[in-house]
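Summary of structural features
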Amino acid sequence: MLVSAKAMLDKAKAGKYAVGQFNINNLEWTKSILQTAQECNSPVILGVSEGAGKYMCGFKTVAAMVKAMVETLNITVPVALHLDHGSYEGAKACLEAGFSSIMFDGSHYPIDENVAKTTELVKLAHEMGVSVEAEVGSIGGEEDGVVGAGEVADPAECKRIADLGIDFLAAGIGNIHGKYPANWKGLDFDALDKIHEATNGIPLVLHGGTGIPADMIQKAISLGVSKINVNTECQLSFAAATREYIEAGKDQQGKGYDPRKLLLPGFEAIKATVKEKMELFGSVNKA
(Lines give C-alpha, C1' and ligand atoms only; values in the text may rest on other atoms or scores of the structure.)
Protein backbone atom coordinates (compact mmCIF):
# COMPACT_ATOMS: atom_id res chain seq x y z
CA MET A 1 0.00 0.00 0.00
CA LEU A 2 1.36 3.38 -0.99
CA VAL A 3 0.47 6.21 1.41
CA SER A 4 0.27 9.97 1.23
CA ALA A 5 3.38 11.64 2.65
CA LYS A 6 1.30 14.00 4.83
CA ALA A 7 0.93 11.81 7.92
CA MET A 8 4.57 10.69 7.91
CA LEU A 9 5.82 14.29 7.62
CA ASP A 10 3.45 15.67 10.25
CA LYS A 11 4.75 12.94 12.58
CA ALA A 12 8.36 13.77 11.65
CA LYS A 13 7.75 17.48 12.32
CA ALA A 14 6.32 16.71 15.77
CA GLY A 15 9.15 14.27 16.51
CA LYS A 16 11.94 16.58 15.26
CA TYR A 17 13.35 14.19 12.68
CA ALA A 18 13.17 14.11 8.87
CA VAL A 19 12.01 11.53 6.34
CA GLY A 20 14.32 10.97 3.40
CA GLN A 21 13.16 11.21 -0.18
CA PHE A 22 15.40 8.97 -2.24
CA ASN A 23 15.04 9.27 -6.00
CA ILE A 24 14.62 6.08 -8.00
CA ASN A 25 16.01 5.44 -11.49
CA ASN A 26 15.41 1.73 -12.09
CA LEU A 27 14.52 -1.58 -10.42
CA GLU A 28 17.83 -1.82 -8.50
CA TRP A 29 17.39 1.67 -7.06
CA THR A 30 13.81 0.97 -5.98
CA LYS A 31 14.51 -2.44 -4.46
CA SER A 32 17.57 -1.26 -2.51
CA ILE A 33 15.75 1.75 -1.01
CA LEU A 34 12.62 -0.25 -0.08
CA GLN A 35 14.65 -3.03 1.55
CA THR A 36 16.75 -0.55 3.51
CA ALA A 37 13.64 1.27 4.75
CA GLN A 38 12.19 -2.05 5.93
CA GLU A 39 15.47 -3.08 7.62
CA CYS A 40 15.73 0.33 9.33
CA ASN A 41 12.00 0.37 10.19
CA SER A 42 11.86 3.84 8.63
CA PRO A 43 9.17 5.59 6.59
CA VAL A 44 10.42 6.46 3.12
CA ILE A 45 9.53 8.62 0.12
CA LEU A 46 10.47 7.38 -3.34
CA GLY A 47 11.08 10.39 -5.59
CA VAL A 48 10.61 10.27 -9.36
CA SER A 49 11.69 13.16 -11.55
CA GLU A 50 9.95 13.63 -14.89
CA GLY A 51 13.16 12.62 -16.66
CA ALA A 52 13.48 9.41 -14.63
CA GLY A 53 9.77 8.69 -15.18
CA LYS A 54 10.24 8.98 -18.93
CA TYR A 55 13.36 6.77 -18.76
CA MET A 56 11.37 4.08 -16.91
CA CYS A 57 8.65 4.04 -19.63
CA GLY A 58 6.24 6.47 -18.00
CA PHE A 59 4.57 7.13 -14.66
CA LYS A 60 2.12 4.21 -14.98
CA THR A 61 5.01 1.75 -15.36
CA VAL A 62 6.76 3.26 -12.33
CA ALA A 63 3.63 3.12 -10.15
CA ALA A 64 2.90 -0.49 -11.16
CA MET A 65 6.51 -1.54 -10.45
CA VAL A 66 6.61 0.15 -7.04
CA LYS A 67 3.22 -1.21 -5.93
CA ALA A 68 4.14 -4.75 -6.99
CA MET A 69 7.53 -4.50 -5.29
CA VAL A 70 6.04 -3.26 -2.00
CA GLU A 71 3.72 -6.28 -2.05
CA THR A 72 6.29 -8.88 -3.18
CA LEU A 73 9.04 -7.73 -0.78
CA ASN A 74 6.45 -7.61 2.04
CA ILE A 75 7.27 -3.98 2.85
CA THR A 76 5.27 -2.90 5.90
CA VAL A 77 6.81 0.55 6.58
CA PRO A 78 4.99 3.62 5.14
CA VAL A 79 6.01 4.25 1.51
CA ALA A 80 5.02 7.32 -0.52
CA LEU A 81 5.58 7.47 -4.28
CA HIS A 82 6.26 11.13 -5.02
CA LEU A 83 6.69 13.19 -8.20
CA ASP A 84 9.82 15.34 -7.81
CA HIS A 85 9.92 18.84 -9.39
CA GLY A 86 6.81 18.18 -11.40
CA SER A 87 5.36 20.38 -14.10
CA TYR A 88 1.63 21.17 -14.07
CA GLU A 89 1.02 18.50 -16.76
CA GLY A 90 3.35 16.02 -15.05
CA ALA A 91 1.54 16.43 -11.73
CA LYS A 92 -1.81 15.65 -13.39
CA ALA A 93 -0.31 12.60 -15.14
CA CYS A 94 1.02 11.25 -11.81
CA LEU A 95 -2.38 11.65 -10.16
CA GLU A 96 -3.84 9.57 -12.97
CA ALA A 97 -1.02 6.99 -12.76
CA GLY A 98 -1.56 6.26 -9.07
CA PHE A 99 1.21 8.20 -7.31
CA SER A 100 0.44 8.88 -3.64
CA SER A 101 2.20 12.26 -3.48
CA ILE A 102 3.12 15.01 -5.96
CA MET A 103 5.36 18.04 -6.09
CA PHE A 104 4.33 20.90 -8.31
CA ASP A 105 7.34 23.13 -8.92
CA GLY A 106 5.88 26.48 -9.92
CA SER A 107 8.92 28.42 -8.65
CA HIS A 108 9.83 29.63 -12.16
CA TYR A 109 6.37 31.18 -12.70
CA PRO A 110 5.36 34.65 -11.46
CA ILE A 111 3.96 34.18 -7.92
CA ASP A 112 0.32 34.76 -9.02
CA GLU A 113 0.54 32.00 -11.62
CA ASN A 114 2.29 29.68 -9.13
CA VAL A 115 -0.63 30.35 -6.72
CA ALA A 116 -3.31 29.67 -9.36
CA LYS A 117 -1.79 26.39 -10.60
CA THR A 118 -0.97 25.18 -7.08
CA THR A 119 -4.56 25.92 -5.95
CA GLU A 120 -6.00 23.75 -8.72
CA LEU A 121 -3.59 20.86 -8.11
CA VAL A 122 -4.21 20.90 -4.33
CA LYS A 123 -7.95 20.51 -4.96
CA LEU A 124 -7.46 17.65 -7.44
CA ALA A 125 -4.86 15.83 -5.31
CA HIS A 126 -6.70 16.14 -2.00
CA GLU A 127 -9.87 14.72 -3.54
CA MET A 128 -7.79 11.60 -4.26
CA GLY A 129 -6.02 11.50 -0.87
CA VAL A 130 -2.70 12.52 -2.45
CA SER A 131 -0.28 14.87 -0.66
CA VAL A 132 1.10 18.01 -2.33
CA GLU A 133 4.49 19.72 -2.12
CA ALA A 134 4.98 23.15 -3.66
CA GLU A 135 8.09 25.28 -4.16
CA VAL A 136 9.02 28.91 -3.67
CA GLY A 137 12.46 30.30 -4.57
CA SER A 138 14.13 27.95 -7.03
CA ILE A 139 16.68 25.48 -5.69
CA GLY A 140 20.21 25.97 -7.07
CA GLY A 141 21.95 23.72 -9.56
CA GLU A 142 20.22 21.77 -12.30
CA GLU A 143 17.31 19.34 -12.05
CA ASP A 144 15.93 17.95 -15.31
CA GLY A 145 17.01 21.03 -17.26
CA VAL A 146 15.60 23.56 -14.75
CA VAL A 147 18.54 25.65 -13.53
CA GLY A 148 18.39 27.62 -10.27
CA ALA A 149 21.09 29.75 -8.68
CA GLY A 150 20.33 28.77 -5.08
CA GLU A 151 17.99 31.63 -4.31
CA VAL A 152 16.59 32.36 -0.89
CA ALA A 153 12.80 32.30 -0.84
CA ASP A 154 10.73 35.30 0.25
CA PRO A 155 8.85 34.43 3.50
CA ALA A 156 5.78 36.42 2.34
CA GLU A 157 5.60 34.38 -0.89
CA CYS A 158 6.10 31.19 1.14
CA LYS A 159 3.10 32.17 3.28
CA ARG A 160 0.94 32.74 0.19
CA ILE A 161 1.70 29.25 -1.11
CA ALA A 162 1.49 27.56 2.32
CA ASP A 163 -1.96 29.10 2.89
CA LEU A 164 -3.30 27.27 -0.21
CA GLY A 165 -3.60 24.06 1.78
CA ILE A 166 -0.45 22.32 0.53
CA ASP A 167 0.95 19.60 2.80
CA PHE A 168 4.65 20.56 2.77
CA LEU A 169 6.76 23.31 1.26
CA ALA A 170 10.13 23.40 -0.51
CA ALA A 171 11.69 26.80 0.05
CA GLY A 172 15.11 27.82 -1.27
CA ILE A 173 17.55 28.61 1.57
CA GLY A 174 20.79 28.59 -0.45
CA ASN A 175 20.70 24.81 -1.09
CA ILE A 176 21.56 23.40 -4.53
CA HIS A 177 21.14 20.18 -6.50
CA GLY A 178 24.17 18.08 -7.36
CA LYS A 179 27.67 18.49 -5.89
CA TYR A 180 28.28 21.60 -3.78
CA PRO A 181 31.06 23.91 -5.07
CA ALA A 182 34.03 24.77 -2.85
CA ASN A 183 32.81 28.38 -2.47
CA TRP A 184 29.28 27.43 -1.30
CA LYS A 185 28.16 29.79 1.48
CA GLY A 186 26.09 27.20 3.40
CA LEU A 187 22.43 27.20 4.35
CA ASP A 188 20.75 30.47 5.35
CA PHE A 189 19.30 29.58 8.76
CA ASP A 190 17.92 33.09 9.38
CA ALA A 191 15.84 32.72 6.22
CA LEU A 192 14.73 29.22 7.29
CA ASP A 193 13.62 30.54 10.67
CA LYS A 194 11.59 33.36 9.06
CA ILE A 195 10.00 30.96 6.53
CA HIS A 196 9.09 28.53 9.31
CA GLU A 197 7.43 31.33 11.29
CA ALA A 198 5.58 32.71 8.26
CA THR A 199 4.14 29.33 7.23
CA ASN A 200 2.43 28.33 10.48
CA GLY A 201 4.63 25.32 11.16
CA ILE A 202 4.00 23.48 7.87
CA PRO A 203 6.64 20.74 7.30
CA LEU A 204 9.49 22.16 5.21
CA VAL A 205 11.53 20.35 2.57
CA LEU A 206 15.27 20.57 1.99
CA HIS A 207 16.22 19.77 -1.60
CA GLY A 208 19.82 19.05 -2.55
CA GLY A 209 20.59 16.96 0.54
CA THR A 210 23.82 15.56 -0.96
CA GLY A 211 26.94 17.14 0.48
CA ILE A 212 25.33 19.33 3.17
CA PRO A 213 27.40 18.83 6.38
CA ALA A 214 25.72 16.72 9.09
CA ASP A 215 25.59 19.59 11.62
CA MET A 216 23.75 21.80 9.10
CA ILE A 217 21.29 18.98 8.37
CA GLN A 218 20.55 18.56 12.08
CA LYS A 219 20.14 22.30 12.61
CA ALA A 220 17.75 22.48 9.62
CA ILE A 221 15.66 19.65 11.13
CA SER A 222 15.50 21.53 14.45
CA LEU A 223 14.14 24.57 12.52
CA GLY A 224 11.25 22.72 10.88
CA VAL A 225 12.71 20.72 7.97
CA SER A 226 10.87 17.37 7.92
CA LYS A 227 11.75 16.01 4.45
CA ILE A 228 15.23 15.87 2.91
CA ASN A 229 15.84 14.90 -0.72
CA VAL A 230 18.81 12.71 -1.67
CA ASN A 231 19.64 11.71 -5.23
CA THR A 232 23.19 12.60 -6.32
CA GLU A 233 24.79 10.78 -3.36
CA CYS A 234 23.14 7.48 -4.33
CA GLN A 235 24.23 8.00 -7.95
CA LEU A 236 27.83 8.65 -6.89
CA SER A 237 28.00 5.61 -4.57
CA PHE A 238 26.42 3.38 -7.25
CA ALA A 239 28.88 4.61 -9.88
CA ALA A 240 31.92 4.19 -7.60
CA ALA A 241 31.01 0.61 -6.64
CA THR A 242 30.31 -0.36 -10.26
CA ARG A 243 33.59 1.20 -11.40
CA GLU A 244 35.52 -0.71 -8.71
CA TYR A 245 33.92 -4.03 -9.77
CA ILE A 246 34.83 -3.51 -13.44
CA GLU A 247 38.31 -2.12 -12.79
CA ALA A 248 39.04 -5.19 -10.64
CA GLY A 249 38.16 -7.31 -13.71
CA LYS A 250 35.35 -9.10 -11.88
CA ASP A 251 33.03 -8.77 -14.86
CA GLN A 252 35.46 -11.07 -16.74
CA GLN A 253 35.57 -13.78 -14.07
CA GLY A 254 33.08 -16.59 -14.65
CA LYS A 255 29.68 -15.06 -15.33
CA GLY A 256 30.61 -11.76 -13.72
CA TYR A 257 29.16 -9.96 -16.73
CA ASP A 258 25.63 -11.11 -15.74
CA PRO A 259 23.79 -7.86 -14.96
CA ARG A 260 22.55 -9.34 -11.69
CA LYS A 261 26.18 -9.71 -10.60
CA LEU A 262 27.46 -6.60 -12.34
CA LEU A 263 24.88 -4.34 -10.67
CA LEU A 264 25.02 -5.98 -7.21
CA PRO A 265 27.92 -3.88 -5.79
CA GLY A 266 26.10 -0.68 -6.84
CA PHE A 267 22.87 -2.00 -5.29
CA GLU A 268 24.68 -2.66 -1.97
CA ALA A 269 26.34 0.78 -2.14
CA ILE A 270 22.95 2.49 -2.45
CA LYS A 271 21.68 0.51 0.56
CA ALA A 272 24.66 1.70 2.63
CA THR A 273 24.12 5.33 1.57
CA VAL A 274 20.38 5.23 2.33
CA LYS A 275 20.97 3.63 5.76
CA GLU A 276 23.55 6.30 6.62
CA LYS A 277 21.09 9.06 5.64
CA MET A 278 18.18 7.52 7.58
CA GLU A 279 20.39 7.42 10.67
CA LEU A 280 21.45 11.06 10.14
CA PHE A 281 17.87 12.23 9.56
CA GLY A 282 16.65 10.37 12.68
CA SER A 283 13.94 8.31 10.91
CA VAL A 284 15.22 4.86 11.97
CA ASN A 285 12.56 2.99 14.00
CA LYS A 286 10.01 5.75 13.35
CA ALA A 287 7.76 3.65 11.07
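In what follows, the structure referred to is the one given above.
In short, a report on the structure. Because the structure is a prediction, the values reported are computed rather than measured. (Residues numbered from 1 in each chain as written. Predicted model: local features only at pLDDT ≥ 70, side-chain atom pairs only at ≥ 80, totals over all residues. Heavy atoms only, no water.)

**What about the nonpolar core?**
Across soluble globular proteins, nonpolar side chains have a tendency to be buried as a group. Basically, it comes down to this: As used here, the term nonpolar core means buried Ala, Val, Leu, Ile, Met, Phe, Trp, Tyr and Cys residues forming a set that is joined through side-chain atoms within 4.5 Å. Type-normalised accessible area, obtained with a 1.4 Å probe on protein chains alone, sets the label of each residue: buried when under 20%, exposed when over 50%, and partly exposed for intermediate values. Elements are defined by DSSP. Helices are runs of H or I of four residues or more, strands are runs of E of two residues or more, and each kind is numbered from the N terminus. In what follows, residue pairs with any heavy atoms lying within 4.5 Å of each other are defined as contacts.
Among the nonpolar cores identified, the biggest contains 76 residues, and Phe99 and Leu169 are the most heavily contacted of them. At six residues, the largest contribution of residues to this core is made by helix H4 (residues 59-72). Those residues in contact with Leu169, other than ones at most four positions away along the chain, are Ala134, Glu135, Val136, Cys158, Ile161, Ile195, Thr199, Ile202, Pro203, Leu204 and Val205. Counting residues in each nonpolar core, the second largest holds 12 residues, with Ala5, Leu9, Tyr17 and Ala80 among its members.

**Some points on the pattern of salt bridges**
Just so we agree on the cut-off: Any Lys or Arg side-chain nitrogen found within 4 Å of a carboxyl oxygen on Asp or Glu counts as a salt bridge.
Across all of its chains, the model carries 13 salt bridges by this definition. The salt bridge partner of Lys159 is Asp163, with a shortest N-O separation of 2.8 Å. With relative accessibility at 36%, the residue Lys159 sits in the partly exposed group. Given the relative accessible area of 46%, Asp163 is considered partly exposed.

**Concerning the packing of aromatic side chains**
Selection criterion: Within 6.5 Å between ring centres, the rings of Phe, Tyr and Trp (the latter by its six-membered ring) count as paired, and their orientation is classed by plane angle as stacked under 30 degrees, edge-to-face over 60, tilted in between. Sitting over a ring, as applied to charges here, requires NZ of Lys or CZ of Arg to be within 6 Å of the ring centre and within 35 degrees of the ring normal.
Taken as a whole and judged by the stated rule, the model has three aromatic pairs. Here Trp29 and Phe238 contribute two aromatic rings whose centre-to-centre distance is 4.6 Å and whose plane-to-plane angle is 45°, an arrangement assigned as tilted. Residue Trp29 is located in helix H2 (residues 27-40), and its partner Phe238 is located in helix H10 (residues 232-247); the two are separated by 209 residues in the primary sequence. For Trp29, a relative accessible area of 5% corresponds to the buried category. Seen in terms of ring centroids, Phe59 and Phe99 are 5.5 Å apart; in terms of plane orientation they differ by 80°. Their pairing is edge-to-face. With Phe59 in helix H4 and Phe99 in the loop between helix H5 (88-97) and strand E4 (101-104), the pair connects residues that are 40 residues apart, well separated along the chain. Residue classification places Phe99 among the buried residues on the basis of a relative accessible area of 3%. The lysine or arginine in question, Lys286, covers the ring of Tyr17, its NZ or CZ lying 5.0 Å from the ring centre.

**A closer look at the side chain of Asp105**
The test is simple: When charges are tallied, Lys and Arg are placed among the positive residues and Asp and Glu among the negative ones, while His and the ends of the chain are skipped. Side-chain atoms alone can form a polar contact between residues adjacent in sequence; in general such a contact is a pair of N or O atoms within 3.5 Å, and within protein one must be able to donate a hydrogen while the other accepts it.
Within the element layout of this structure, Asp105 appears in the loop between E4 and helix H6 (111-127). One buried charged residue, Asp105, forms no salt bridge at all, with the nearest opposite charge on Lys227 at 11 Å. A polar side-chain atom of Asp105 sits 2.8 Å from a polar atom in the side chain of His85. Of note is the side chain of Asp105, whose polar atom sits 2.6 Å from the side chain of Ser107.

**Regarding the packing of H5 against H6**
So the rule is basically this: For every element, the axis is a line fit to its C-alpha atoms; helices are fit only across the contacting stretch, and the angle between N-to-C directions ranges from 0 to 180 degrees. Here roughly perpendicular refers to angles of 65 to 115 degrees, roughly parallel to angles under 35, roughly antiparallel to angles over 145, and oblique to all remaining angles. In the scheme used here, Gly and all other residues not listed as nonpolar or charged are polar, with Ala, Val, Leu, Ile, Met, Phe, Trp, Tyr, Cys and Pro taken as nonpolar and Asp, Glu, Lys and Arg as charged.
Contact pair H5 / H6: the axes reach a minimum separation of 11 Å and the direction vectors enclose 0°. Judged by the inter-axis angle, H5 sits roughly parallel to H6. Residue-level contacts link Tyr88, Ala91, Lys92 and Leu95 of H5 to Lys117, Glu120, Leu121, Leu124 and Ala125 of H6. Taken together, the residues that form the contact of H5 with H6 break down as six nonpolar, no polar and three charged.

**A few points about the pairing of strand E8 (residues 168-171)**
Side-chain positions along a regular strand alternate between the two faces of the sheet. Operational definition: Pairing between two strands requires that DSSP report at least two bridges joining them. When the strands point away from the viewer and the path from the first strand over the helix to the second turns clockwise, the crossover is right-handed.
Here E8 shows no split at all, with Phe168 and Ala170 on one side and Leu169 and Ala171 on the other all buried. With four bridges connecting them, strand E5 (residues 131-136) and E8 associate as parallel partners. In the strand pairing of E8, Ala134 is matched with Leu169. Taken together, the two bridges between E8 and strand E9 (residues 204-206) define a ladder with parallel strand orientation. Residue pairing in the sheet places Leu169 in a bridge with Leu204 of E9. Handedness of the crossover is the feature at issue here: the chain leaves E8, passes through helix H8 (residues 189-198), returns alongside E9, and the resulting connection is right-handed.

**Comments concerning the environment of Cys40**
Relative to the helices and strands, Cys40 resides in helix H2. Judged by its relative accessible area of 6%, Cys40 falls in the buried class. Distance from Cys40 to Glu279, taken between C-alpha atoms, is 8.6 Å for residues 239 residues apart in sequence. Residues within four places of Cys40 in sequence aside, it is in contact with Lys275, Met278, Val284 and Asn285.

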